[in-house]
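What the coordinates show
If you want the building blocks of each chain, they are given just below.
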Amino acid sequence: MTGGREPRRARLRRLLSRPGGDLAPVIVGLAGAVLVAYQLFGGAVIGMADNADGGRIACQLDLTASPHPGTPRYWAYVILHWSPTKNPAYLCPHWGSTIRYPSSEVPLLEAARWLSNRFGYSGIDLRTLGLLGVVAAGLLVGIICRIAPGPRWLRVLTAALVALVIADAAFAPYFISMYSAPAGLLGILALCAAWLWAPSNPWLRAFSIVPITAAAVVVCCDETQLAPLVFVIAALLLWRRTNLTATKGRVMAKLGALACIGVLLFSFIVYNGHQSKVGNDAIHYDAVFISLLSHTNDKVGDLKWLRLNPAMAKYAGTEYWGPGSAYYDQDPQLKTFERQFSYVRLAEFYLVHPAQAWGLFDRSAADAAQLRPVPVGNYADDSGLAQRAHPCRLCT
């Protein structure tokens, strides 16, 4: 140009290509936040109705909802307002049968409570939790766009796909719910970002492993279903190459990985040690009587293989909390089952019964594809819309 004002398109192209002035992460991050916000607030507010799991989180915060869990409306609509309570019936350990359900979601809900208080509400308005989810998701999408490897177009494409997934109707509604899922979803995004960032440090100094450790702890301490991921993350850390030639650099990288694994294993032990006994008993029971025995023909033989009481074969297909279960019938054999159950023995069973192992994998994959709980609704209780309705503003 010889003079005059630089054309707007050329100016934008120059800013996008200038080192240190790359606007692509900002643009993609904002777009990701807008997509999540549109899913949640682009019309009637969308969230995730509770299936009574939320009470085990809310009771730790001295909160309760109306109507009370167990009523049909509680399952049909999202309860946006959770009010403070001192009623012992709604607090831990009296709520339901759960003593306490530790989760990395609790600090996020405390932040939502603080924000709700700034708007004049004494408890938690879950829409403030949704706002926090929008901001955090957009920020993490932008970070991924900034630090992902490859040319700009590939980084933008990668971050855009991440934004579309997190804004999908299967994920975004969890940001307006009392489930523990929001911390897990954001933790997984942060773990991806931390994993991409660490290799950019040529010597992988000790502090470069800190973000991976922090994000992994958030994910693995979010809910019991995610806790076993600690072993997957540990294996990936050991397998991960450093691309370093100097011996000192390789040693420091491995020491950092081992330190991260140590922190993760410690967190896993502490987290599981603080789970309520009745919660663990329910997981053990369902692993045998739902996941295994409801899909096998030789129920008595399989119980004998697991060194469990074959007389309990009659409970095959029953859920721990459901009618007809050993817990529901107060069967004294249940205490013996709880003493004799072993994850090691169950793992050995699947190793020597590959057909059963494949069936479990196939069913788990099918369940994972059904990401939204079918029995619960997605609209707020004051929306005037049909009960248990499932919207699809953005479905991928």
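A brief structural summary.

Procedures and definitions
Residues numbered from 1 in each chain as written. Predicted model: local features only at pLDDT ≥ 70, side-chain atom pairs only at ≥ 80, totals over all residues. Heavy atoms only, no water. Phe/Tyr/Trp six-rings, centres within 6.5 Å; stacked < 30°, edge-to-face > 60°. Buried < 20%, exposed > 50% of the residue type's maximum accessible area, 1.4 Å probe, protein only. Lys NZ or Arg CZ within 6 Å of the ring centre and 35° of its normal. Core = buried A, V, L, I, M, F, W, Y, C linked by side-chain atoms within 4.5 Å. Helix = DSSP H or I, 4+ residues; strand = E, 2+ residues; numbered from the N terminus. Pairing = 2+ DSSP bridges. Axes fitted to C-alpha atoms, helices over the stretch in contact; angles between N-to-C directions. Parallel < 35°, antiparallel > 145°, perpendicular 65-115°, else oblique. Left-handed = near helix turned anticlockwise from the far one by under 90°. Contact = heavy atoms within 4.5 Å. Nonpolar A, V, L, I, M, F, W, Y, C, P; charged D, E, K, R; others polar.

1. Overview of the packing of aromatic side chains
Evaluated as defined, the whole model comprises 9 aromatic pairs. Here Tyr174 and Tyr179 contribute two aromatic rings whose centre-to-centre distance is 5.7 Å and whose plane-to-plane angle is 75°, an arrangement assigned as edge-to-face. The same class applies to Tyr174 as to Tyr179, namely buried. Among the aromatic side chains, those forming a connected cluster through ring pairs are Tyr285, Phe289, Tyr320, Tyr327, Phe337 and Phe341. Lying across the ring of Trp305, Arg345 places its NZ or CZ 4.0 Å from the centre.

2. Here we look at the nonpolar core
Ranked by size, the top nonpolar core spans 45 residues in total, and within it Val36 and Trp82 carry the most contacts. The leading source of residues in this core is helix α6 (residues 126-147), at 6 residues.

3. Re the sheet that holds strand β2 (residues 81-84)
Spatially, 3 strands are ordered β1-β2-β3 in an open sheet, and the strand pairing comes out antiparallel. Unpaired on one side and paired on the other, β1 (63-65) and β3 (124-125) mark the two borders of the sheet.

4. What to know about the environment of Ala234
Among the structural elements, Ala234 can be located in helix α10 (residues 229-239). Distance from Ala234 to Gly262, taken between C-alpha atoms, is 9.0 Å for residues 28 residues apart in sequence.

5. Looking at the packing of helix α2 (residues 24-41) against helix α7 (residues 152-166)
Relative to each other, α2 and α7 sit at 15°, their axes nearing to 9 Å. In terms of orientation, α2 and α7 fall into the roughly parallel class. With respect to the hand of their crossing, α2 and α7 are arranged in right-handed fashion. Note on element contacts: α7 touches α2 through Arg152, Val156, Ala159, Ala160, Ala163, Leu164 and Ile166, opposite Ala24, Val28, Gly32, Leu35 and Val36. Residue classes in the contact of α2 with α7 are distributed as 10 nonpolar, 1 polar and 1 charged.

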